[in-house]
Amino acid sequence: MPTEQLSERSEGARRLENVVIRFAGDSGDGMQLTGDRFGAQAAALGNDVATLPNYPAEIRAPAGTVAGVSSYQLHIADHDIRTPGDQPDVLIAMNPAALKANVAELRPGGVIILDTDAFTVLGLEKAGYDVDPLTDGSLDAFQVHAINLTGFAAAAVADHNLKRKDAARTKNMFALGLVSWMFSQQIEDTIAYLHKRFASKPDVQAANVSALRAGWIYGETTEAFANVYEVKPAPLPAGTYRHMKGNKAVAYGLVAAAHQAGMPLFLGAYPITPASEILHELAALVSNDVRSFQAEDEIAAIGAAIGGSYAGTLGVTVTSGPGMALKAEALGLAVIMELPLVIVNVQRGGPSTGLPTKTEQSDLLQALYGRHGEAPMPVIAVRSAADGFDAAMEAARIALAYRTPVILLSDAYIANGSEPWRVPEVEELPFIGIDLATEPNGVDADGNPIFLPYARDPVTLARPLAIPGTPGLTHRIGGLEKADLTGAVSYDPDNHDFMIRTRQSKIDGIDVPPLEVDDPSGPPGSGADVLVIGWGSTWGPIGEACRQVRAEGMKVAQAHLRHIVPLPANLASVLSEYHTVLVPEMNLGQLAGHLRRETLIDTVGYNRTRGMPFWTAELASVITRVIQGIDEDASGAAGTKPVGDVGARLAAMSEAGAAKPAAHAGTATASQHDATREAGR
Amino acid sequence: MSTVNGKAEEPVDGASGRRAPTVADFTTGQEVRWCPGCGDHAILSTMRGLLPALGVAPENTVVVSGIGCSSRLPYYLDTYGIHSIHGRAPSFATGISINRPDLSVWVVTGDGDALAIGGNHLIHALRRNVNLKILLLNNHIYGLTKGQASPTSKVDTIGPSSPFGSLDNPFNPIALALGAGATFVARTIDSDRRHLTATLTAAAAHKGAALVEIRQGCPTFSAIPRQPSRAAGQTSPEEPDNPAAPEHGPIRLSPGLPIVFGAKEQWGVVRDPSTGELGIGHGGDSRVVVHDPGTQNSTYAYGLARLAETSLAEPPIGVYRSVSQPSFDQLYQERLATARPDGRGDLRSLLTGSDSWVVAG
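Calculation criteria
Residues numbered from 1 in each chain as written. Chains lettered and ligands numbered in written order. Predicted model: local features only at pLDDT ≥ 70, side-chain atom pairs only at ≥ 80, totals over all residues. Heavy atoms only, no water. Helix = DSSP H or I, 4+ residues; strand = E, 2+ residues; numbered from the N terminus. Buried < 20%, exposed > 50% of the residue type's maximum accessible area, 1.4 Å probe, protein only. Areas by Shrake-Rupley, 256 points an atom, 1.4 Å probe, with all protein chains shown as cover. Contact = heavy atoms within 4.5 Å. Pairing = 2+ DSSP bridges. Axes fitted to C-alpha atoms, helices over the stretch in contact; angles between N-to-C directions. Parallel < 35°, antiparallel > 145°, perpendicular 65-115°, else oblique. Left-handed = near helix turned anticlockwise from the far one by under 90°. pLDDT = per-residue confidence, 0-100. Nonpolar A, V, L, I, M, F, W, Y, C, P; charged D, E, K, R; others polar. Buried area = accessible area lost by both parts, 1.4 Å probe. Salt bridge = Lys/Arg side-chain N within 4 Å of Asp/Glu carboxyl O. Polar contact = N/O pair within 3.5 Å; in protein donor to acceptor, adjacent residues only side chain to side chain. Core = buried A, V, L, I, M, F, W, Y, C linked by side-chain atoms within 4.5 Å.

Undergrad: Would you explain the overall build of chain B in this entry?
TA: From N to C terminus, chain B includes 10 helices and 14 strands. Taken across its 361 residues, chain B has 52% of its residues classed as buried. A total of about 15300 Å² of accessible surface is found on chain B, and carbon and sulfur atoms cover 54% of it.

Undergrad: Looking at this structure, I do not really get the overall build of chain A. What am I missing?
TA: Looking only at helices and strands, one finds 23 helices and 26 strands in chain A. When the 681 residues of chain A are sorted by exposure, 62% land in the buried category. Pairs at least 24 apart in sequence give 77% of the contacts found in chain A among residues at least 6 apart. In the structure as shown, chain A presents an accessible area of about 25000 Å², 52% of it carried by carbon and sulfur atoms.

Undergrad: Hey, could you run me through the pairing of strand 16 (residues 418-422) of chain A in this one?
TA: Regular strands place side chains that alternate from one sheet face to the opposite one. All names here are of chain A. Of all 5 residues making up strand 16, 4 are buried, and the element is well covered by its neighbours. As paired strands, strand 9 (residues 239-245) and strand 16 are joined by 5 bridges and run antiparallel to one another. Within strand 16, the position partnered with His-243 by the bridge is Pro-420.

Undergrad: Help me out: how do you make sense of unusual backbone geometry in this one?
TA: Trans is the prevailing form of peptide bonds, just as negative phi is the prevailing case for residues other than glycine. Residues and elements named next belong to chain A. Put simply, Gly-350 and Pro-351 share a cis peptide bond, and its omega is 0 degrees. Positionally, Pro-351 belongs in the loop between strand 13 (341-347) and helix 14 (364-369). A cis amide bond, omega -10 degrees, links Val-565 with the succeeding residue Pro-566. The residue Pro-566 is located in the loop between strand 23 (563-565) and helix 19 (571-575) in this model. Here Leu-485, not a glycine, exhibits a phi torsion of approximately 70 degrees, which is positive. Following the sequence through the fold, Leu-485 ends up in the loop between strand 19 (476-478) and helix 17 (493-508). Since its relative accessible area comes to 39%, Leu-485 is described here as partly exposed.

Undergrad: What is the right way to read the packing of helix 12 (residues 298-310) of chain A against helix 13 (residues 321-337) of chain A from this model?
TA: Two quantities define a packed helix pair, namely the angle between the helix axes and the distance between the axes. All names here are of chain A. With their axes 8 Å apart at the nearest point, helix 12 and helix 13 run at an angle of 25 degrees to one another. The angle between the axes of helix 12 and helix 13 places the two elements in the roughly parallel class. Crossing of helix 12 over helix 13 shows right-handed handedness. Across the interface between the two elements, Glu-298, Ile-299, Ala-301, Ile-302 and Ile-306 of helix 12 pack against Gly-323, Leu-326, Lys-327, Ala-330, Leu-331, Ala-334 and Met-337 of helix 13.

Undergrad: How should I be thinking about the sheet that holds strand 11 (residues 267-271) of chain B in this particular structure?
TA: Consider a sheet: its strands pair through backbone hydrogen bonds, and that pairing is either parallel or antiparallel. Residue and element names in this part refer to chain B. Judged by pairing direction, the sheet is antiparallel, and its 3 strands sit side by side in the order 10-11-12 without closing on themselves. Either end of the sheet is taken by a strand with one partner, and the two such strands are strand 10 (260-261) and strand 12 (278-282). In the sheet, strand 11 pairs with strand 12 via 5 bridges, with the strands oriented antiparallel. Looking across to strand 12, one finds that Trp-267 is bridged to His-282. The strands touched by helix 8 (residues 299-311) within the sheet are strand 11 and strand 12, with strand 12 carrying the most contacts at an inclination of about 65 degrees.

Undergrad: Teacher, can you tell me more about the confidence of the model for chain A here?
TA: Detailed reading of predicted coordinates is not advised where the pLDDT is low. All names here are of chain A. On average, residues of chain A score 91 in pLDDT, and 91% of them reach the 70 mark or higher. Low pLDDT, under 50, characterises residues 1-10; the predicted model gives this stretch 21 contacts beyond four residues in sequence or across chains. Predicted confidence for residues 636-672 stays below pLDDT 50, and this span has 62 contacts to residues more than four positions away or in other chains.

Undergrad: Just checking my understanding: could you explain the environment of Gln-325 of chain B for this structure?
TA: Residue and element names in this part refer to chain B. For Gln-325, the location among the structural elements is in the loop between strand 13 (317-322) and helix 9 (328-339). Residue classification places Gln-325 among the partly exposed positions, given a relative accessible area of 33%. Apart from residues no more than four positions distant in its own chain, Gln-325 is found in contact with Asn-129, Thr-183, Lys-207 and Gln-296.

Undergrad: Would you mind showing me how to read the packing of helix 12 of chain A against helix 2 (residues 89-99) of chain B here?
TA: Relative to each other, helix 12 of chain A and helix 2 of chain B sit at 50 degrees, their axes nearing to 6 Å. Judged by the inter-axis angle, helix 12 of chain A sits oblique to helix 2 of chain B. In this structure, helix 12 of chain A crosses over helix 2 of chain B, and the sense of that crossing is right-handed. Judged by residue contacts, Ile-299, Ala-300, Gly-303, Ala-304, Ile-306, Gly-307, Gly-308 and Tyr-310 of chain A of helix 12 of chain A engage Ser-91, Phe-92, Gly-95, Ile-96 and Asn-99 of chain B from helix 2 of chain B. Tallied by class, the residues present in the contact of helix 12 of chain A with helix 2 of chain B amount to 7 nonpolar, 6 polar and no charged.

Undergrad: Even after reading the chapter, I still don't get the interface of chain B and chain A, so can you show me in this structure?
TA: The interface is formed by 61 residues belonging to chain B together with 78 residues belonging to chain A. Around 5500 Å² of area is buried between chain B and chain A when both sides are counted, 59% of it from carbon and sulfur atoms. The largest per-residue losses of area from chain B upon contact with chain A belong to Tyr-80, Leu-351 and Trp-357 of chain B, which jointly make up 16% of the total buried on that side. Connecting chain B to chain A are 5 salt bridges. Between Asp-78 of chain B and Arg-476 of chain A there is a salt bridge whose closest N-O contact spans 2.8 Å. The tally of links from chain B across to chain A stands at 29 residue pairs in polar contact (both at pLDDT 80 or more). For the side of chain B that touches chain A, the secondary-structure elements that each account for two or more residues are strand 2 (80-83), helix 2, helix 4 (119-128), helix 9, helix 10 (347-352) and strand 14 (357-359) of chain B. In this sheet, strand 2 of chain B lies alongside strand 19 of chain A in parallel orientation, the contact comprising 3 bridges. Considered in strand 2 of chain B, the bridge of Ile-477 of chain A is made with Ile-82 of chain B.

Undergrad: I would appreciate a short explanation of the nonpolar core in the present structure.
TA: Residue and element names in this part refer to chain A. Ranked by internal contacts, the top residues of the largest apolar core, which has 168 residues, are Leu-282 and Ile-533. Among residues more than four places away in sequence, those in contact with Ile-533 are Leu-515, Ile-542, Ala-559, Leu-561, Leu-571, Leu-575, Val-581, Leu-582, Val-583, Pro-584 and Leu-595. Membership of the second largest hydrophobic core comes to 50 residues, among which are Ile-21, Ile-92, Met-173 and Ala-214.

Given below as structure tokens:
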């Protein structure tokens, strides 16, 4: 059937502001590809999109079991969104296990599309169903569309000379075609994608295209669906956009950084989930002056990257928590040698192998403190998939300008999630190049010119970098303590103390932008009583939750920390303006503890480590409880737990003059407080 | 040429317009802090003499080391250098070498650094044939940490951590390097300046990974077996006419010459024609092997490396293997060149991609 006929719109599509769709199937069913394509189609249509892939650690967990279910959730909207949504409105279940693993989260009244071909006695048994859910009434609360997706797909590709098993594997494209039709999406981009992806396998290529089209036509020609839906484009600022995954955004940010520094990019990496994709992306970009090296282990990966930095490239290494642990000693070396280096940690559930494919924010303290000796390093966190680009550029800027290793924290949710990204003009990217030393910068006792590798820039405290090949500037650096200026080995006690303080001062003095607060009800001190502050990927859920709370008529402020080392200079003064500071984190309070240490301000924590991002509704509920707790406090209601009183604490601080008078002086409990229990989930 | 880093100006080389480098050019002002009598002094002195002769300017030479007595060496050579962390020198050097094929990159390491904590990096640098000159200063003991048994200490070595004698079998660095696929493997000794110089010169000329084991003792913490090692002890009666007797001294391997040794060259390395195995025979035997380090198959070199463990008091010194294979930096640069046949990629087109869309303002 010609493509043109496919693109005809059915009349009377029901308009939705947003919808959450989850594709779920066996880990071999191609759900990640299906979801990714659906997201790309929606993005190309102009929707705002946020995605949440979720898959098991095993490449092929036992087929048909709940443990082997892989899913991909998408939130598409006609307005600005920041999360992949909480409960799906639509669930596509390719087998009984996928239904079983996901149906509990489906919104009541939601749509289920399932593949009847998989609902066999054996299939039900593997999924752990004693009774067929299609017949026992357990799905009555949903709109169920039981369709033989596999059967229709196999029939659609019958002419393509595929083995029966391969024919059946096109069922995901049939499903994608069907759901695309249901949501009034064009499939041309996906057809083009399939042509490219399977260019070397013409039969497979043709079969997948046929199955995709057949699914679309099936939707159009049957009357299985009462409604067709449409999500209108979201109003985005003018520009060129791309559907961008977090790992790819970080990779591109690193490439752009090296380009803007006028240096080759050199990546030393060892494969590790969920960071390997950055290695894969960069390995393909040879023509953009990217050099990648797959090392024999995590230590060699950072070693090679440090060697690359010493040799005049922008050295980068990418890893996840266990790899960070192995790199710790080399990080200390990079600190004392004062070489530029970017270390990307795509966090996953820990400790140890933990939950390798799931998200968590539990490596913050490792990033802040996980080295021997006084080894300060800047720490920056990515807040969303598209933000990976800017965050990576910022990490590289600091690494180069201050000659320091920089840790860039991402996480599995950001890494695999995707959203529209406005492609920057190359001209608008900052120039971050540095001048390499080419001439001696000092004289010895006899007045001869010499190179002093540890003579510092008076403003940034950065040391001069002379790369091998530069005549007259030969010098040795290493892990032993350096004498100030000359860099010679020094065991002098005062010099050691001086160098430790100097390295710390250099990091403390890095220019980072001030903390900004988002509060429509007013600036700090005159708006909301509650500030929700986060770092990393909780930016999205916190932002959505604040919007939801405000829509219900309450006041709440949001702030986000991109720079965690050093912290914005105005942090303490901003935090002190609020009665309560709430810190939701996917760990047990690591940022909260750091804030306490750095500002002497106690916060209220909300902490979950379930391997999944927060739900908007969940955080909105927590925020609401905290706000209401304050109101009850103020009215003197009995039986309420007091939340931490920031004003009282500040009064006890030595810098009390800077503190704002307590708004609720009656409550003086200053203990760190955990909203997790109150949230009751 | 200005005078820098405290060096006096010297005559300029007519051809290059720059004066030829001298020993002084490769000498730093740092005080050398090895124990008196340590072979490291001789190795440093050899390096300072050797590097100017190689014709590579100090600024194009990088020396990377790990941790241990031997790893202090870069501080005393006025080149670029990194005194890195324990065992990891090959990884830093690899990052330098593949990005900068214009540089002469040396790794200085020891038996603990290279074979214990850094064993993984050593074998991978060798298998990749990274263009590194690796000097493995093998004194058979941990000196800097005060005398513990190392991976090359003989069985039953007594030290503070093995008061009743060590239990583990030592590595044979030559055999290990050959097993990792090293393209240049040599052994020399710190006490023979000429042999040391010749061996390091050959290593420097090799394109690819060159491993040179420099055997030495430690004047402070000698690796003293509680009793003669099992291998030597059980098979070496101290008769002067036995090849395992120390009196016969080291066997020198010279390309193209038969491998004979002993005061009267009465002994020789012979190959069993039926099994191909190497053994010890009489110097005049027609089966005496003519040394050929260029043999592609490393079985011969491996047999030679293992020979000393069973039949000799001292292992042969010289170049065991020297074969030509593309070096990693060369392959890497070729890959970079062929992977971008259309020249440099454009950042704008990379960022925009083929799947972007435009939102009108």
